Amino acid sequence: MTKFIDISGVHHAYKTKHGPLPVLDGLDVGVPKGEFCAVVGPSGCGKSTLTRLISGLMRPDSGVVIVDGQEVTSPRKTVGMAFQNPVMLEWRTILQNVMLPLEIVAPGMKRDAAEARAMHLLEMVGLKGFENKKPSELSGGMRQRASLCRAIVHKPDVLIMDEPFGALDNFTREDLWQTMRDLRAAEPFTCVLITHDLRESVFLGDQVIVLSGRPARTQFVLDVDLPADRTIDILYEPRAVD
Ligand code: ADP
Ligand code: MG
């Protein structure tokens, strides 16, 4: 199958004042279009570095990073990003925050259409009725829901999430997993999720890529072979597969 994201043989060392710091030593990531790839690995192994390679914020010392058939050589507009602590513009409402990428990526879009698109997503994640609130009036989980809407409002070709649920309590986090699945069912996008949480990686991922070592490399890739409508129960009570 052709890979929408095709990273192979990537090596990278950051230049620091103490000399080069080798971080990646053989990174391979292949994600078919529309698939969800979860990446796990210890702190400092280069997971955030991987997100910068895909978004084009940096180039590796060697190896290739291809997205949608093109080598990534400069920052790409067509990515959506979500982080652990979403940065929201406090003087704007939730709706206005979610509309922001449309103003940047699709400046010609009519205001009504942009609003309708943002509202549609807010409804899907259960934030209807909160669109006119300011970010500080929402809980952490709600802000993260809004930030997911903002990350996909402009239909990016890749959604990159760097430990987006790390700061949330377990219950909120599991709710968000389900929301993530609902969003994907409604509009398929290729997704790279960085996480520390193995259950999360298996609940959401079509594949799980495990990075480790120092400098880190792709150690193995796990194909997640659970039913597409897997429930959280499956993760607590693994059933025999016949
Ligand atoms: P992870 O997200 O897996 O925790 P990172 O990709 O953020 O790891 O970082 C990998 C390693 O590279 C860490 O040791 C980090 O300190 C170092 N590093 C990250 N960014 C830079 C940078 N811009 N300059 C120098 N070192 C960096
Ligand atoms: Mg990181």
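Scroll up a little and you will see the structure.
Presented here is a report on the structure given in the accompanying data block. (Residues numbered from 1 in each chain as written. Chains lettered and ligands numbered in written order. Predicted model: local features only at pLDDT ≥ 70, side-chain atom pairs only at ≥ 80, totals over all residues.)

1. Remarks on the sheet that holds strand 3 (residues 36-40)
Next, step 1: Ordered by their spatial adjacency, six strands build an open sheet running 6-7-8-3-9-10, and the pairing between neighbours is mixed. Of all the strands in the sheet, just strand 6 (79-83) and strand 10 (217-223) have a single pairing partner and so form its edges. Adjacent strand axes in the sheet meet at a mean angle of 20°, parallel and antiparallel pairs treated alike.
Next, step 2: Taken strand by strand, helix 1 (residues 47-55) contacts strand 3, strand 6, strand 7 (158-162), strand 8 (190-195) and strand 9 (207-212), and its axis lies near 160° from that of strand 7. (Pairing = 2+ DSSP bridges. Helix = DSSP H or I, 4+ residues; strand = E, 2+ residues; numbered from the N terminus. Axes fitted to C-alpha atoms, helices over the stretch in contact; angles between N-to-C directions. Contact = placed C-beta atoms within 7 Å.)

2. Quick look at the pairing of strand 7
Next, step 1: For strand 7, a buried count of four out of five residues is recorded, marking the element as mostly surrounded by other parts of the structure.
Next, step 2: Bridge count between strand 7 and strand 8: five bridges; the pairing is parallel. Each bridged residue has a counterpart across the sheet, and for valine 158 the counterpart in strand 8 is threonine 190.
Next, step 3: The handedness of the strand 7 to strand 8 crossover, carried by helix 5 (residues 170-186), is right-handed. (Buried ≥ 20, exposed ≤ 12 C-beta atoms within 10 Å, placed from the backbone. Right-handed = clockwise from strand over helix to strand, strands pointing away.)

3. Looking at the sheet that holds strand 5 (residues 70-71)
Next, step 1: The sheet built from four strands is open, its strands ordered 2-1-4-5 with antiparallel pairing. The open sheet has two edge strands with one neighbour each: strand 2 (19-31) and strand 5.

4. With respect to the nonpolar core
Next, step 1: Counting 56 residues, the largest nonpolar core has Cys37, Val39, Ile54, Val98, Cys149, Val192 and Leu193 as its most contacted members.
Next, step 2: Every residue in contact with cysteine 37, bar those within four places of it in the chain, is listed here: Val29, Val31, Cys191, Val192, Gly205, Asp206, Gln207 and Ile209. (Core = buried A, V, L, I, M, F, W, Y, C linked by C-beta atoms within 7 Å.)

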